[in-house]
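Inside the fold
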Amino acid sequence: MSAQTSYAINIRTAIAGMLVDLHNHDIISRSIETVAGVGFGVVVSRGTDKDNQAVIGGTVGILGVTVRSLDREGAANTGLVKYSEKETAGILRDGYIYAVCPSGCNPGDPVNFVEATGVLDSGAPAGVGETGLDDCFWDSTAAAGELAVLRVKNVNQITAGI
């Protein structure tokens, strides 16, 4: 007997932090230092222990974008969909990942993020508190607040924001 007795007609394509296709991906792992935890598909940088920890956002020592982990899906039925403090997170340094683009985007649009939250967006940094990810770009079209494919590369060369 089947465990699943009904199927949705419209299954969503992806969710934030999911890897795209079977491209080559460079993923590292670090322990999350941020007390409130870190969501999926956001920028993280080096923590206090620069070799082993990651914190949300930041301005120097950018590590990459957090990768979604199935074992964190509604952890222990708490509804938390993020990495908690001291958990090991997957961090994409090179490859393709789905992320939410708050302003909407088109293929080739530049990428920036809010240093305090790690939230990604399209366009050049708009001011203080934002940093551009110079060699990264949006690789698909999305309306404001929707998922898009993000091409992540050369994040180890990113330095401070505006």
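An account of the accompanying structure is given in this report. Since the structure is predicted, the reported quantities are computational estimates derived from the model, not experimental observations. One numbering rule holds for all chains: residues counted from 1, following each sequence as written. Since the coordinates come from a predicted model, pLDDT governs what is reported: local features require at least 70, and pairs of side-chain atoms require 80 or more to be given and counted, while whole-chain, interface and lining totals use all residues. Here the side-chain values reflect all heavy atoms present in the structure, with hydrogen atoms and water set aside.

So, about the pairing of strand E6 (residues 110-114). Across four bridges, E6 lies against strand E8 (residues 130-138) in antiparallel orientation. Note that in E8 the partner of Pro110 across the bridge is Phe137. As judged from the three bridges shared by E6 and strand E7 (residues 120-122), these two strands associate in the antiparallel manner. When the sheet's bridge partners are listed, Phe113 is paired in E7 with Leu120. In textbook terms, the turn of a hairpin is the stretch between consecutive antiparallel strands, and for E6 and E7 this stretch comprises five residues, one of which, Gly118, has a positive phi near 75°. For two strands to be treated as a pair, DSSP must find at least two bridges joining them. Helix and strand definitions follow DSSP, with helices as H or I runs of at least four residues and strands as E runs of at least two, each counted in order from the N terminus.

Inspection of the secondary structure puts Ala36 in the loop between strand E1 (26-32) and strand E2 (43-46). For Ala36, a relative accessible area of 54% corresponds to the exposed category. The spatial distance from the C-alpha of Ala36 to the C-alpha of Ser84 is 6.9 Å, given a sequence separation of 48 residues. For every residue, the accessible area obtained with a 1.4 Å probe (protein chains only) is divided by the maximum for its type, and the residue is called buried under 20%, exposed over 50%, and partly exposed between those limits.

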